[in-house]
Amino acid sequence: MTATKSVRVEFGGGLELLFSNQKSHKVEIPNKTFDDKPTDMNYLILWLKKNLLREREELFLDNNTVRPGILVLINDTDWELEGEGDYIVENNDEIVFISTLHGG
Amino acid sequence: MSCGTAAEIQNAQGESVLMTKKPKYDRSNVCVKCKENTGNIVIRHVVYCKSCFDPFVKHRFKKGLEPFINISGQKKAVLKPWGNLTIGFSGGLGSTVLLDLITRCYYSSEEVDEKKGNNPRNDGIWKKVTVCYVEVSEVYSKMPGRTAEVRQFIQDSYPTFEFVPVRLSNAFDKRWWERISGGPLTKSDFAMRLDPDLAFKLLDDSSSTPLESLQAYFRSLPTQTAVHSSIQTLIRVLLLHIARSKNSSHLLLGTSLTSLAISLISGISQGGGYNIREEAQEDWTPSLTSGDGKERAVRLVRPLRDVGVKECGTYAWWRGLKVLGKAKWPGGRQSIGGLTKEFILGLEKGYPSTVSTITRTCAKLVSKDELVGICSICQRPVQGGLDTWKSQISIRSLAEVTPARLAQDPPSNSLISLLCYSCQGTLTSRSSKTISTAESEVMVTLPVWTQAKLVDRERMKGEIQDFLIDGGNE
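Everything quoted here is computed from the prediction, not taken from an experiment.

## Describing the overall build of chain A
Helices and strands together make up the secondary structure of chain A, namely one helix and seven strands. Moving toward the C terminus, one meets the helices and strands of chain A in the order β-β-α-β-β-β-β-β. The C-alpha atoms of chain A give 13 Å as radius of gyration, which agrees with the globular expectation for 104 residues (13 Å, within 12%). When the backbone C-alpha atoms are referred to their principal axes, chain A occupies close to 45 × 30 × 25 Å. When each of the 104 residues of chain A is scored for burial, the buried share is 55%. Nonlocal contacts in chain A, meaning residues at least 24 apart in sequence, comprise 59% of its contacts between residues at least 6 apart.

Structural data, given as structure tokens:
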């Protein structure tokens, strides 16, 4: 078993501007956290903050999770159906973060 | 203890146990519509699959629009507006989704009735569609304009719709006004002083350009909240005038359920409670009090008022729509609107049904005060008995609270009687930090429609002057 898993992360709705203006990223994250638990969405969000986020952290994060107004899709499914931050990230998962904060 | 979140709690024996997280959906994760597919999205505790989500959004959109297309009393099976359609486009998520839905539901061959073939209801309900974008960058010196980008987007994505750009400074442009409304204005400008009486006068020297007038107007506003609120008001009134000039029966805005809840709460907190129904939908004629009844009202509708920002975002993503993004106004986060937005978005994340409760509750509100006119700035109803009510709720010094003072009418050169409570507050409510007294002494040019109202009033005064009885000779 490899020590990392490959995840495709996409940003939409203007959120890509915080991530080097790049919409799609292929990232390798560890299989396990430092306390030997499988890496979940909570871990991925903080990993993105540490490794990919380039500016204005407050527009992406709030209390160590995504801020209100940002939608998260895991393999095209609302993360609320998958357990939100507790979802265990699988190899080759596709995670999408969409900002809805552009107004009407 | 919070509800629905994982938290450490203590059981009867005093041991710490982990409270399990409550799912965000009511029953199973199977779609409530088709009852076959595994769900893809949760909308206010209800699960939908991707295939059922699209018809769900379209249904909500049509439900928010079609009952308001015909003027009341007409048969609802046939959708027959009396005029054209104007769509306000900001570049934001809501208006992007709105344009897509309008095109799909009424201007494409996609909507085919399986039994009857192509549905004649959907054969272009409005003869002509205009998409209007209001450029707000002039208010802020460092904000780049986006008209060219928006024009390109509309021309590429919706080539059959006419694109009409408007600048916020058009609100102070007499030539634009005369072209759009045909109503003449005086050569000099009417201007007001942002003091408690809101005194106005005709300026001797009116050499400033519309842009200078716009910038002076916004520089003089007392708070950030007033700046943002005034931008929104000017945009809405400009759009209404454009809609009227294009002979439109309807003006559609892409306000989502979430944005509407924000506007409602923010509007109430700025004194706009009397106009709460207009915040959701309004029928507008240029001058209600002096109208001869021939002018038909432009109906402003927000068809996405039952579609939350989550549905809009997911719809746009799954449809692959390009969202240009709405221009961010500096200082927005500290205004009442900005703080309300933060509050509502947080509420929607934890308690999504509460946001729709806000809009449904506001839709039931009815004011007991009668309507006495239309506000000369925001063009919304003005409630009767405003002066009496204000004198009862205001905290004043004892010297001011004398019967003689309370019985006094505002001076004849005061705008107070022509404005709604919300606009009065926007122009005069001062923050101790944001403005110096010197700035409040400056006369600022009024928006063109307010000037037109004053011209009209002065003309009427002149006509009836000979018939007035002098108060002293009574």
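## What about the interface of chain B and chain A?
Across the boundary between the two partners, chain B contributes 31 residues, which contact 25 residues of chain A. Both sides of the chain B and chain A interface together cover about 2400 Å² of buried area, and 54% of this is carbon and sulfur. The three residues of chain B that bury the most area against chain A are B:K24, B:W317 and B:K349, which together make up 25% of that side's buried surface. Summed over the shared surface of chain B and chain A, the number is three salt bridges. Across the pair A:D78 and B:K310 runs a salt bridge, and its minimum N-O distance is 2.5 Å. At the boundary of chain B and chain A, one finds nine residue pairs in polar contact (both at pLDDT 80 or more). Broken down by secondary-structure element, the contributors of at least two residues to the side of chain B that touches chain A are β3 (41-43), α2 (93-106), α9 (309-319) and α10 (336-350) of chain B. Among the elements that line the side of chain B that touches chain A, the one with the most residues is α9(B), at six residues. Within the side of chain B that touches chain A, the residues separate by chemical class into 10 nonpolar, 12 polar and nine charged.

## A few points about the pattern of salt bridges
Considering all chains together, one arrives at 17 salt bridges over all chains under this definition. Put simply, B:K50 and A:D76 hold a salt bridge, and the shortest N to O gap is 2.5 Å. Here A:D76 lies in the loop between β5 (70-74) and β6 (77-78) and B:K50 lies in helix α1 (residues 50-65), a pairing that spans two chains. Taking the relative accessible area as the measure of exposure, B:K50 reaches 35% and is therefore partly exposed. You can call A:D76 partly exposed: its relative accessible area is 26%. B:E282 is the partner of B:R236 in a salt bridge, and the nearest nitrogen-oxygen pair spans 3.5 Å. Residue B:R236 is located in helix α6 (residues 224-245), and its partner B:E282 is located in strand β13 (residues 282-284); the two are separated by 46 residues in the primary sequence. With a relative accessible area of 8%, B:R236 lands in the buried category. When its relative accessible area of 4% is taken as the criterion, B:E282 is described as buried. Here the salt bridges share partners, and the residues they tie into one network are B:R236, B:E279, B:E282 and B:R380.

## Some words on the nonpolar core
All names here are of chain B. One finds L168, M192, Y217, F218, I231, L415 and L427 to be the most contacted residues of the largest nonpolar core, which totals 59 residues. If you tally residues by element for this core, the top one is α6, at 11 residues. For I231, the residues in contact, after removing those within four places along its chain, are V136, V139, Y140, L168, F218 and W329. Grouped together as the second largest cluster of nonpolar side chains are 50 residues, L101, C105, I154 and F163 included.

## Structural notes on the sheet that holds β13(B)
Residues and elements named next belong to chain B. Pairing within the open sheet is mixed, and its six strands lie in the order β9-β8-β5-β12-β14-β13. Looking at strand neighbours, the two that pair on one side only are β9 (162-167) and β13, the edges of this open sheet. Across this sheet, the average inter-strand angle for adjacent strands is 25°, counted without regard to direction. Sheet analysis places strand β8 (residues 129-135) next to β9, joined by six bridges and oriented parallel.

## So, the packing of α1(B) against α9(B)
All names here are of chain B. As a packed pair, α1 and α9 sit with axes 11 Å apart at the nearest point and diverge in direction by 120°. Overall, the two elements α1 and α9 adopt an arrangement that is oblique. Considering only the axes of α1 and α9, their crossing is left-handed. In this structure, α1 uses K50, F53, D54, F56 and V57 to contact α9, whose residues at the interface are E311, T314, Y315, W318 and R319. Residues belonging to the contact of α1 with α9 are distributed by class as follows: five nonpolar, one polar and four charged.

## What to know about helix α5 (residues 210-220) of chain B
Within an α-helix, residues lying three or four positions from one another point in the same direction, as the helix has 3.6 residues per turn. Those residues of α5(B) that fall on the buried side of the exposure criterion are B:S213, B:L214, B:A216, B:Y217, B:F218 and B:S220. In this structure, the buried side of α5(B) is in contact with β10 (190-193), α6, α14 (421-428) and β17 (443-445) of chain B.

## Section: the sheet that holds β6(A)
What the five strands build is an open sheet, ordered β2-β1-β7-β5-β6 (chain A); its pairing is mixed. Edge positions in the sheet fall to β2 (24-30) and β6 of chain A, since each of these pairs with one other strand and no more. Note that β5(A) and β6(A) share two bridges and pair antiparallel. For A:I74, the partnering residue across the bridge sits in β6(A) and is A:T77. Of the strands in this sheet, β1 (4-12), β2, β5 and β7 (93-99) of chain A touch helix α1 (residues 41-51) of chain A, which is tilted by about 115° from β2(A). Here α9(B) sits on the sheet and contacts β1, β5, β6 and β7 of chain A; the angle it forms with β5(A), its principal contact strand, is near 50°.

## Structural notes on the domain arrangement of chain B
Residue and element names in this part refer to chain B. The assigned domain composition of chain B is domain 1 (1-50) and domain 2 (69-465). Taken together, the nine residues of domain 1 in the interface contact 12 residues of domain 2. Regarding the contact of domain 1 and domain 2, the summed buried area is about 900 Å², with carbon and sulfur atoms giving 61% of it. Scanning the region where domain 1 abuts domain 2 turns up one salt bridge. With a closest N to O distance of 3.1 Å, E311 and R44 form a salt bridge. The interface formed by domain 1 and domain 2 includes three residue pairs in polar contact (both at pLDDT 80 or more). The element that contributes the greatest number of residues to the side of domain 1 that touches domain 2 is β3, accounting for three residues.

## So, the side chain of B:T130
Residues and elements named next belong to chain B. Along the chain, T130 turns up in strand β8. For T130, a relative accessible area of 1% gives the class buried. Among the polar contacts listed, one links the side chain of T130 to the side chain of E162, at a separation of 3.4 Å. Dropping the residues within four chain positions of it, T130 is found in contact with L85, T86, I87, E162, V164 and K246.

Criteria and thresholds
Residues numbered from 1 in each chain as written. Chains lettered and ligands numbered in written order. Predicted model: local features only at pLDDT ≥ 70, side-chain atom pairs only at ≥ 80, totals over all residues. Heavy atoms only, no water. Helix = DSSP H or I, 4+ residues; strand = E, 2+ residues; numbered from the N terminus. Rg over C-alpha atoms; globule rule 2.2 N^0.38 Å. Buried < 20%, exposed > 50% of the residue type's maximum accessible area, 1.4 Å probe, protein only. Contact = heavy atoms within 4.5 Å. Buried area = accessible area lost by both parts, 1.4 Å probe. Salt bridge = Lys/Arg side-chain N within 4 Å of Asp/Glu carboxyl O. Polar contact = N/O pair within 3.5 Å; in protein donor to acceptor, adjacent residues only side chain to side chain. Nonpolar A, V, L, I, M, F, W, Y, C, P; charged D, E, K, R; others polar. Core = buried A, V, L, I, M, F, W, Y, C linked by side-chain atoms within 4.5 Å. Pairing = 2+ DSSP bridges. Axes fitted to C-alpha atoms, helices over the stretch in contact; angles between N-to-C directions. Parallel < 35°, antiparallel > 145°, perpendicular 65-115°, else oblique. Left-handed = near helix turned anticlockwise from the far one by under 90°. Domains from an automatic or database assignment.

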